[in-house]
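These are the residues of each chain, in order.
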Amino acid sequence: EMTKFAHGTGGIDLGTEHISAEVVITVTKGDVAWVRECQTDANGDPAWVSRTKQRLSNVYGVWSWGTDPNEKFMARAHEAEAVSGNDGSREARIRLVTSRLDSGRLLFDMNGPGVPELYEEMRKVHRRKLRSGQVILDRIRDDRTAALEDAIEMLDGRRMIEIQSFTLNRKSTRPTKREYA
């Protein structure tokens, strides 16, 4: 059951000022998500996004794709769906990924193309405290990670993000100690 895949999803982070990334995840019947492949492009080429998405869809049988919430037009053009962009949605996506990691339901195929690079990038995502005392999420060159978060939202559902975002606005936004590392 750990390697018999039932379905999958993908995430796209289009970059014009940074790299573009596409991540594909396949899911076992036991609801364990495996990160299978991560591709990047430094040119911000929409044609690359289309070609790569088509190739990954064909190889892994993945037809559900999520994109950055700011890329609604790009999502339509590439037959994808923009993920939630409401207040707190980024934090909610992080919680979805962290929840899968903590429960052992998100695994990385370290032999998959680009997966080791994605894994190392995720380990660098952290929080830091500003001089003002505000705690922020420090995300620099996190395009692979953003694509993975988009895929996880597509997998675990937009409704969950909307509910968590609503809850986040009503509760303390005190950060957790552990993010991805």
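Predicted model only: the values in this text are computed from it and were never measured.

A. Local environment of the overall build of the chain. The helix and strand inventory of the chain stands at six helices and eight strands. Reading the secondary structure of the chain in the N-to-C direction produces β-β-β-α-β-α-β-α-β-α-β-β-α-α. Residue burial in the chain is summarised as follows: out of 181 residues, 49% are buried. Across the chain, contacts joining residues at least 24 apart in sequence account for 62% of those joining residues at least 6 apart. Accessible area of the chain: about 9,800 Å², with a carbon and sulfur share of 48%.

B. Inspection of the packing of aromatic side chains at higher detail. All chains considered together, the criterion is met by one aromatic pair. Consider the rings of Phe 108 and Tyr 119, whose centres lie 5.2 Å apart with planes at 70 degrees: the pair is edge-to-face. Taken as a pair, Phe 108 in strand β6 (residues 106-108) and Tyr 119 in helix α4 (residues 115-124) lie far apart in primary sequence, 11 residues in all. Given the relative accessible area of 32%, Tyr 119 is considered partly exposed.

C. Layout of helix α1 (residues 46-60). Given a rise of 1.5 Å per residue, 15 residues ought to cover 21 Å, and the 21 Å separating the end C-alpha atoms of α1 matches this to within 8%. Among the residues of α1, Trp 48, Val 49, Thr 52, Lys 53, Leu 56, Ser 57 and Tyr 60 are the ones counted as buried. Buried residues of α1, seen end-on, are gathered within an arc of 155 degrees and therefore sit on one face of the element. Facing away from the buried side of α1 by over 90 degrees, the exposed positions are Arg 51 and Asn 58. Its side-chain oxygen placed 3.0 Å from the backbone nitrogen of Ala 47, Asp 45 serves as the N-cap of α1. Just beyond α1, the residue with positive phi is Gly 61, at close to 65 degrees.

D. Inspection of the pairing of strand β3 (residues 33-41) at higher detail. Of all the nine residues making up β3, seven are buried; the element is thus mostly covered by neighbouring parts of the structure. Two strands pair when backbone bridges link them, and strand β2 (residues 20-28) and β3 are joined in this way by eight bridges, in the antiparallel orientation. The residue bridging Ser 20 from the neighbouring strand is Asp 41, located in β3. Hairpin geometry of β2 and β3 is characterised by an intervening segment of four residues between the two adjacent antiparallel strands and by a positive phi of about 65 degrees at Asp 31. Two elements, β3 and β6, share three bridges in a ladder whose sense is parallel.

E. Broad picture of α4. Every buried residue of α4 is listed here: Val 115, Leu 118, Glu 121 and Met 122. One side of α4 holds all its buried residues, which, seen down the axis, span an arc of 120 degrees. Packed against the buried residues of α4 are β2, β3, α3 (89-102), β6 and α5 (143-156).

Definitions and cut-offs
- Residues numbered from 1 in each chain as written.
- Predicted model: local features only at pLDDT ≥ 70, side-chain atom pairs only at ≥ 80, totals over all residues.
- Heavy atoms only, no water.
- Helix = DSSP H or I, 4+ residues; strand = E, 2+ residues; numbered from the N terminus.
- Buried < 20%, exposed > 50% of the residue type's maximum accessible area, 1.4 Å probe, protein only.
- Contact = heavy atoms within 4.5 Å.
- Areas by Shrake-Rupley, 256 points an atom, 1.4 Å probe, with all protein chains shown as cover.
- Phe/Tyr/Trp six-rings, centres within 6.5 Å; stacked < 30°, edge-to-face > 60°.
- Expected span 1.5 Å × (residues − 1).
- Arc of directions from axis to C-beta.
- Polar contact = N/O pair within 3.5 Å; in protein donor to acceptor, adjacent residues only side chain to side chain.
- Pairing = 2+ DSSP bridges.

The quantities given are spatial measurements derived from coordinates; they are silent on function.
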